[in-house]
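Chains, contacts and geometry: an overview
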Protein chains: 2
Amino acid sequence: MEAIRKTVSEKTKVPVYDADIRRILSALQITEDFWEIIFYSEVPIPAASEILKELNKNGYIEFKEESIVFTNKGKDLVKELEIPKPYYKKCPHCQGRGISLEDFEDVLKEFKKIAENRPEAIQQYDQGYVLPEVTVSRVALMANKMDIQNKKLLVIGDDDLTSIAAGLSGLPKDVVVLEIDERLVNFINNVAKEYGLNVSAEIYDIRDPLPERHYAKYDTFITDPSETKEALRLFISRGISGLRGPRCAGYFGITRAEASLEKWYYLQRMLLDMRVVITDMIHNFNVYVNWGYVEKTRAMQIAPVKRSPKREWYTSTMYRIETLEGFVRYNEPAKEDIYEDEESSTV
Amino acid sequence: MEAIRKTVSEKTKVPVYDADIRRILSALQITEDFWEIIFYSEVPIPAASEILKELNKNGYIEFKEESIVFTNKGKDLVKELEIPKPYYKKCPHCQGRGISLEDFEDVLKEFKKIAENRPEAIQQYDQGYVLPEVTVSRVALMANKMDIQNKKLLVIGDDDLTSIAAGLSGLPKDVVVLEIDERLVNFINNVAKEYGLNVSAEIYDIRDPLPERHYAKYDTFITDPSETKEALRLFISRGISGLRGPRCAGYFGITRAEASLEKWYYLQRMLLDMRVVITDMIHNFNVYVNWGYVEKTRAMQIAPVKRSPKREWYTSTMYRIETLEGFVRYNEPAKEDIYEDEESSTV
């Protein structure tokens, strides 16, 4: 185990723990599917791929066409290490999000209709959107936290169309979307016009500082960052720069598939350094629709077997933060590539 | 508003924000009950009490026997400031905890029967236990995180009897309880014997370092700390000192009623300084049964009206943490009073 850990750490530059190998051995007991292994193990994709390849080299597992299965030696290992099967059973009503959609049923219905015509996710901007129930649950979550009633909401990057769901709820005073993709900007503005929503979108590249007219103007922001360290810093600090003062809130989703717990640690340090406090972290709140370009991702290139995902597997934890007195609005231009680092793999 | 904020900050030594006053004005729109105001506003009790007293002095609210109600001047203020009513509607199935109890129904049934004879909460040790559904949900949560299957679980302070629910589930290899209250130690050991559970309890005072035989021996810990800064440091670092290595997990509940967001910030810094990462924070996961000694608490003494709570109101967010490589096992004796500081009020 120690040998595998070391090899994978060196090869991938992702911090790998015994726990990662154990979690993969756990997942392999109930699934032969690479993407489900990622879902259950919560190991970053590049590390998971290499661990599987090493387990194969050492004779514990076999790659059978599109499946990954234990050898007898692998079965013995699991028994010897007393590794339990995965157990994952969230509330069937809310899928573990904890949110009631009772008051948002009309919003969901309308949203689904609108979203049918949404622009498809494209790789160029690391896009990938969540299920409609998730988008509306975000609005319900912000409502439960009193973060959108009569509030000005800033949405940074909006392939999820959260702005439209928020607008349909009628709760916020104002919703502004900053988005790099012209297709989405036009789509959102057209829908807003057609439905008479207080929503407007404009083109914005996260690598640029937040323009003066959006600086320190909002009560709440929501964003879904790319997960390189540089992207995390930019997406989140742009959001914070948009906030009007202390005790304003921010929301964003962070995966395990593209961010190790070491990266989570880095992110949490960064948040505290900006003097914001984390108030909520809801596991697998965000569930993403399988995007069309998966065949072209690094994830697929490094996967030990090539099979398209059969079900949703890419999820993220929803973070909520609040600004405290003395919080920092960091608003410098980008310094590095925001799309790729050693843990990223869906671009 | 600024004048009230300043007065209350100086009087209570609790950091108070405009947002706190606004949240109280929000809560007052749907309840006249002091404890419900705490529930909805999430303002620490001493600060909330003083804010209410200042709002009263300034003619915005009246104290009518046991109720707190707006004056016309107060109603005008709420209109002028455009303060919305509270909205709080979690999933009705899991009460927002996100947990399924489907596989834990027998455990819950048995647990309820056992807990009928539990020792009552006493003030001396800042006790106060959660609803039986919550105790069992904790076990289900740990199971979902793979933190108790075949694992050694350390429970530090156990007026909630989490050890018994964990034992009844049959999942952990071993459960050890360290508890200051001899009544609870005896109760847990008697139940364990009667039901043949892998659970054992012994007397332990959190102010003392964790004994050698428990140091670095466990996979997971769970505790429900008193919330002075010193208590937070001790309960959590004792738990961490009990963990066997990196990528082990810890669970604990933190309130808003006795901890401002500034204290949450302090706690989060402390966690990161110990090189543990926060993985989950589930809002109001823990709901406490109203304890028998509420009349004798500081909360009741400082409350602007004296009415016993009519429903559960004292809740906490469930934190889950994981240790990373290089994490710190701080295990020094206590340096300060662990039960009281400016934000505490239920002792």
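Along each chain, the written sequence defines residue order, and numbers are assigned to residues from 1. Chain letters and ligand numbers both follow the written order, the letters beginning at A and the numbers at 1. Per-residue local features are limited, in this predicted model, to residues with pLDDT of at least 70; the limit for side-chain atom pairs, both in listing and counting, is 80 or more; totals at the level of whole chains, interfaces and linings are taken over all residues. Based on all heavy atoms of the structure, the side-chain values leave hydrogens and waters out of the count.

This next bit is on the domain arrangement of chain A. Residue and element names in this part refer to chain A. Bear in mind that the domain bounds are from an automatic or database domain assignment. Parsing chain A into structural domains produces domain 1 (2-81) and domain 2 (102-323). With centres defined by C-alpha atoms, the gap from domain 1 to domain 2 works out at 31 Å. By definition, residues are in contact when any of their heavy atoms lie within 4.5 Å. If you look at the interface, domain 1 gives 24 residues, while domain 2 gives 23 residues. Taken together, both faces of the contact between domain 1 and domain 2 bury some 2,100 Å²; the carbon and sulfur share is 62%. The rule for a salt bridge is simple: a side-chain nitrogen of Lys or Arg has to be within 4 Å of a carboxyl oxygen of Asp or Glu. At the boundary of domain 1 with domain 2, the tally comes to 3 salt bridges. As a salt-bridge pair, Glu36 and Arg311 come within 3.9 Å of each other at their nearest N and O atoms. Polar contacts, as counted here, are pairs of nitrogen or oxygen atoms within 3.5 Å of one another; within protein the pair requires one atom able to donate a hydrogen and one able to accept it, and residues that are adjacent in sequence qualify only if both atoms are side-chain atoms. Inspection of the region where domain 1 meets domain 2 yields 8 residue pairs in polar contact (both at pLDDT 80 or more). By definition, the buried area sums, over both parts, the 1.4 Å-probe accessible area that each loses when the two are put together.

It is worth spelling out helix H3 (residues 34-41) of chain A at this point. Residue and element names in this part refer to chain A. With 8 of its 8 residues buried, H3 lies for the most part within the structure. For every residue, the accessible area (1.4 Å probe, protein chains only) is compared with the maximum for its type, and the residue is labelled buried under 20%, exposed over 50%, or partly exposed between those bounds. A run of DSSP states H or I qualifies as a helix once it reaches four residues; a run of E qualifies as a strand once it reaches two. Both are numbered from the N-terminal end. Buried residues of H3: Phe34, Trp35, Glu36, Ile37, Ile38, Phe39, Tyr40 and Ser41, and no others. Tucked into the core, H3 has its buried residues touching helix H2 (18-27), helix H4 (45-57), strand E2 (67-70), strand E8 (276-287), helix H12 (298-302) and strand E9 (315-323). Its side-chain oxygen placed 2.8 Å from the backbone nitrogen of Trp35, Asp33 serves as the N-cap of H3. Directly beyond the C-terminal end of H3, a positive phi value near 60 degrees is found at Glu42.

The atoms used to superpose the copies are C-alpha atoms, taken from residues with pLDDT of at least 70 in both, and the fit is least squares. Superposition record for chain B on chain A: RMSD 0.0 Å, screw rotation 180 degrees, translation along axis 0.0 Å. Considering both components of the superposition, the chain copies are consistent with a two-fold axis. Of all interface residues in chain B, 100% are interface residues in chain A too; the two copies therefore contact each other through one and the same surface.

Right, let's talk about the interface of chain B and chain A for a bit. Taken together, the contacts link 54 residues of chain B with 54 residues of chain A. Of the roughly 5,000 Å² buried between chain B and chain A, counting both surfaces, carbon and sulfur atoms make up 53%. Among the residues of chain B in contact with chain A, Tyr87, Arg247 and Tyr265 of chain B are the three that bury the most area, contributing 15% of the side total. At the junction of chain B and chain A, the tally comes to 12 salt bridges. With its nearest N and O atoms 3.1 Å apart, the salt bridge here joins Asp20 of chain A to Arg247 of chain B. At the surface where chain B touches chain A, the tally comes to 27 residue pairs in polar contact (both at pLDDT 80 or more). When residues of the side of chain B that touches chain A are traced back to their parent elements, those giving at least two are helix H2 (18-27), helix H7 (132-144), helix H11 (261-273), strand E8 (276-287) and strand E9 (315-323) of chain B. Among the elements that take part in the side of chain B that touches chain A, H11 of chain B stands out by supplying 8 residues, more than any other.

Next up on the list: the environment of Ile302 of chain B. Residues and elements named next belong to chain B. Locating Ile302 in the fold gives a position in helix H12 (residues 298-302). Since its relative accessible area comes to 18%, Ile302 is described here as buried. Between the C-alpha atoms of Ile302 and Ser49, which are 253 residues apart in sequence, the distance is 6.4 Å. Setting aside anything within four residues of it in sequence, one finds Ile302 in contact with Ile45, Pro46, Ser49, Lys53 and Ser345.

What follows deals with the packing of helix H6 (residues 105-115) of chain B against helix H9 (residues 182-195) of chain B. Residue and element names in this part refer to chain B. All axes are obtained by fitting lines to C-alpha atoms, using only the stretch in contact for helices, and the reported angles, taken between N-to-C directions, cover 0 to 180 degrees. As a packed pair, H6 and H9 sit with axes 12 Å apart at the nearest point and diverge in direction by 130 degrees. In terms of orientation, H6 lies oblique with respect to H9. By crossing handedness, the relation of H6 to H9 is classed as right-handed. Here Glu110, Lys113 and Ile114 of H6 lie close against H9, whose contacting residues are Phe187, Val191 and Tyr195. Three classes are used: nonpolar for Ala, Val, Leu, Ile, Met, Phe, Trp, Tyr, Cys and Pro, charged for Asp, Glu, Lys and Arg, and polar for all others, with Gly counted as polar. Residues that form the contact of H6 with H9 fall into these classes: 4 nonpolar, no polar and 2 charged. Just so you know how the angles are binned, under 35 degrees is roughly parallel, over 145 roughly antiparallel, 65 to 115 roughly perpendicular, and the rest oblique. By convention, the crossing between two helices is left-handed when the near helix turns anticlockwise from the far helix through less than a right angle, and right-handed when the turn is clockwise.

Before going further, it helps to spend a moment on H6 of chain B. The α-helix winds at 3.6 residues per turn, so residues separated by three or four positions along the chain end up facing the same way. Residues and elements named next belong to chain B. Taken residue by residue, H6 has Val107, Leu108, Phe111, Ile114 and Ala115 as its buried positions. For H6, the angular spread of the buried residues around the axis is 130 degrees, confining them to a single face. Opposite the packed face of H6, turned more than 90 degrees from it, sit the exposed residues Glu105, Asp106 and Lys109. Looking at the buried positions of H6, the neighbouring elements they touch are H7, helix H8 (162-169) and H9. The arc in question is formed by the directions pointing from the helix axis toward the C-beta atoms.

Turning our attention to the confidence of the model for chain A. Scored between 0 and 100, pLDDT is the confidence that the predictor attaches to each residue. On average, residues of chain A carry a pLDDT of 96, and 100% of them reach 70 or more. As a predicted assembly, this complex carries a pTM of 0.97 together with an ipTM value of 0.97.

It is worth spelling out the state of the cysteines at this point. Our working definition of a disulfide is a cysteine sulfur pair at a distance within 2.5 Å. One pass over the structure, following the stated rule, counts 0 disulfides over all chains. Unpaired in this structure, Cys94 of chain A has its nearest cysteine sulfur neighbour in Cys94 of chain B, at a distance of 3.6 Å. According to the relative accessible area criterion, Cys94 of chain A is buried, its value standing at 4%.

On to the packing of aromatic side chains, then. Residues and elements named next belong to chain B. Each Phe, Tyr or Trp ring, with Trp reduced to its six-membered ring, pairs with another whose centre is within 6.5 Å; inter-plane angles below 30 degrees give stacked pairs, above 60 give edge-to-face pairs, and intermediate values give tilted ones. The full count for this structure, using the stated rule, is 24 aromatic pairs over all chains. A ring pair is formed by Phe34 and Trp35, whose centres lie 5.0 Å apart and whose planes are at 75 degrees; its orientation type is edge-to-face. Residue classification places Phe34 among the buried residues on the basis of a relative accessible area of 2%. Seen from their ring centres, Trp313 and Tyr314 are 5.4 Å apart, and the 80 degrees between their planes marks the pair as edge-to-face.

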